[in-house]
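Listed below, chain by chain, are the residues.
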Amino acid sequence: MGKISLILPVYNEQVILRDVLNKYLADLENIRAQQGYEWEVVAVDDCSADESKLILLDYAKKYRNFKVVSLANRSGKHAAVSAGFTATTGTVVMTAEIDLQNPMGLLGEMLKEHLTTGVPIIYGYQEFSGWKKRKAFMTDRITRFACRLFLIDGYFTGIVNAELYAADVVDVLRQNPVKNKYMRTMNNWVGWESREFWYAREYSDDEAKMKQEQLRARSRHYQGYKRRGHENSGTKWWALLCILLAAVAFGSAVYMVSRVDVLYTGMMFILGFAFVALAIMFWLRSLLLTRIGKLNYRAGEIIYEIKSILNK
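Model, not experiment: these values are computed from the prediction.

Draft legend 1. Region of the structure containing the environment of I121. Mapping I121 onto the fold places it in strand 5 (residues 121-126). Relative accessible area serves as the criterion here: at 1%, I121 is assigned to the buried category. Remark: the alpha-carbon pair of I121 and E193, spanning 72 residues in sequence, is separated by 6.5 Å.

In structure tokens:
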């Protein structure tokens, strides 16, 4: 029947990333089984400073229809979505956030809304309750008033957590030369009809916090990676330890030369070279993890620069 392209902007989401990805993949598989739509995922890594990039690469190895777009500079959500458009091939393009609150079945429900109404742009909003609902209501009213006061055509009514675009809309959006698009206002430029789709959150705020703490505890072995890059201080300490052990081994070998113990001397030299090789491996690993996603380009006024696309 067609193909769904799901764009997922990712930045420092290692704690919840696997669970959310599995949820979206299950949703896409249900759509394929029930409605015959093929699917692809375009995950855009916005220079994450944790192990998010490595997790995405792991999924790209498992699924040929899982693409990883790596940005060269930290560019923000909307620029990441714009970059994702360049790699999509679907007849329907959807975007979603790495968010525990997005329930299972959300993608299927938005696709059903699109097919039922024929509206080419669907904006998905989470339903709020309590003070958040009152805050969203006031923000909506103030924004509507400001748009009318300054004669701005269009306004937003909340925070968009998921979007759906027909292929024709995406083709026009790709032609827009502005890289730093604010996706919610692009409807004013493309001119097509849009529709709001409200959905219930999967967890309350307290439940979401508890779930996130559980996932964080499960992924505690990731916490050694510093926010400034994929740098694990533990890796450097292991490299230093190997260097010290190599120095001890070489020192012992030199000491035993004077005692003419050829076997012991040879074993110490071999052990010393082995520790040197291990130290080099630890150092290279630290260097590699530090550099992933951190290459900085300068290309005039372009807001983002795509460094690589895997499974293109």
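Next, the rest of the story.
Draft legend 2. Region of the structure containing helix 3 (residues 77-85). Taking burial as the measure, the nine residues of helix 3 include seven buried ones, the bulk of the element. Taken together, the buried positions of helix 3 are A79, A80, V81, S82, A83, G84 and F85.

Draft legend 3. Expanded view of the side chain of N102. The residue N102 is located in the loop between strand 4 (92-96) and helix 4 (106-117) in this model. Side-chain polar atoms of N102 contact the side chain of Q126, separated by 3.3 Å. Here N102 is in contact with K23, Y24, E97, Q126, N161, Y199 and E202, once residues within four sequence places are set aside.

Draft legend 4. The nonpolar core, seen in detail. Core analysis: the biggest nonpolar cluster contains 39 residues, and L6, L8, L56, F66, M94 and M110 have the highest contact counts within it. Residues contacting L56, with those up to four places away along its chain left out, are V10, L17, L21, A43, D45, F66 and V68. Of all hydrophobic cores here, the second largest spans 19 residues; its members include V69, A87, V169 and L173.

Draft legend 5. Examining the environment of M104 more closely. With respect to the helices, strands and loops of the structure, M104 is situated in the loop between strand 4 and helix 4. Spatially, the C-alpha atoms of M104 and A26 are 8.1 Å apart, while their sequence positions differ by 78 residues. The contacts of M104, once residues within four sequence positions are left out, are K23, A26, D27, N30 and E202.

Draft legend 6. Representation of the pattern of salt bridges in the model. For the coordinates displayed, the defined rule picks out nine salt bridges. Across the pair E40 and K3 runs a salt bridge, and its minimum N-O distance is 3.5 Å. Of the two residues, E40 is situated in strand 2 (residues 37-45) and K3 in strand 1 (residues 2-10); the sequence distance between them amounts to 37 residues. A residue is classified by how much of its surface remains accessible, and K3, at 26% relative accessible area, is partly exposed. Note that E97 is salt-bridged to K77, the shortest N-O span being 2.7 Å. With E97 in the loop between strand 4 and helix 4 and K77 in helix 3, the pair connects residues that are 20 residues apart, well separated along the chain. When its relative accessible area of 23% is taken as the criterion, E97 is described as partly exposed.

Draft legend 7. Up close: helix 6 (residues 167-175). When helix 6 is considered as a whole, its buried residues turn out to be V169, V170 and L173. Down the axis of helix 6, the sector holding all buried residues measures 100°, keeping them to one side. Looking at helix 6, the residues exposed on the side facing more than 90 degrees away from the buried face are D168 and Q175.

Draft legend 8. Examining the side chain of Q126 more closely. Within the element layout of this structure, Q126 appears in strand 5. At 2.9 Å, the side chain of Q126 and the side chain of D99 are in polar contact. Beyond its immediate stretch of four places on either side in the chain, Q126 contacts D99, Q101, N102, N161, W198, Y199 and R201.

Draft legend 9. The arrangement of the pairing of strand 2 in detail. Burial analysis of strand 2 places eight of its nine residues in the buried class, the great majority of the element. Relative to strand 2, strand 1 runs parallel, the two sharing nine bridges. The partner of K3 across the bridge, within strand 2, is E38. For the segment spanning strand 1, helix 1 (residues 17-35) and strand 2, crossover handedness is right-handed. Relative to strand 3 (residues 66-71), strand 2 runs parallel, the two being bridged by five bridges. Each bridged residue has a counterpart across the sheet, and for A43 the counterpart in strand 3 is V68. For the handedness criterion, the β-α-β arrangement of strand 2, helix 2 (residues 52-62) and strand 3 is classed as right-handed.

About the criteria used
- Residues numbered from 1 in each chain as written.
- Predicted model: local features only at pLDDT ≥ 70, side-chain atom pairs only at ≥ 80, totals over all residues.
- Heavy atoms only, no water.
- Helix = DSSP H or I, 4+ residues; strand = E, 2+ residues; numbered from the N terminus.
- Buried < 20%, exposed > 50% of the residue type's maximum accessible area, 1.4 Å probe, protein only.
- Polar contact = N/O pair within 3.5 Å; in protein donor to acceptor, adjacent residues only side chain to side chain.
- Contact = heavy atoms within 4.5 Å.
- Core = buried A, V, L, I, M, F, W, Y, C linked by side-chain atoms within 4.5 Å.
- Salt bridge = Lys/Arg side-chain N within 4 Å of Asp/Glu carboxyl O.
- Arc of directions from axis to C-beta.
- Pairing = 2+ DSSP bridges.
- Right-handed = clockwise from strand over helix to strand, strands pointing away.

None of the figures reported here should be taken as evidence of function without further support.
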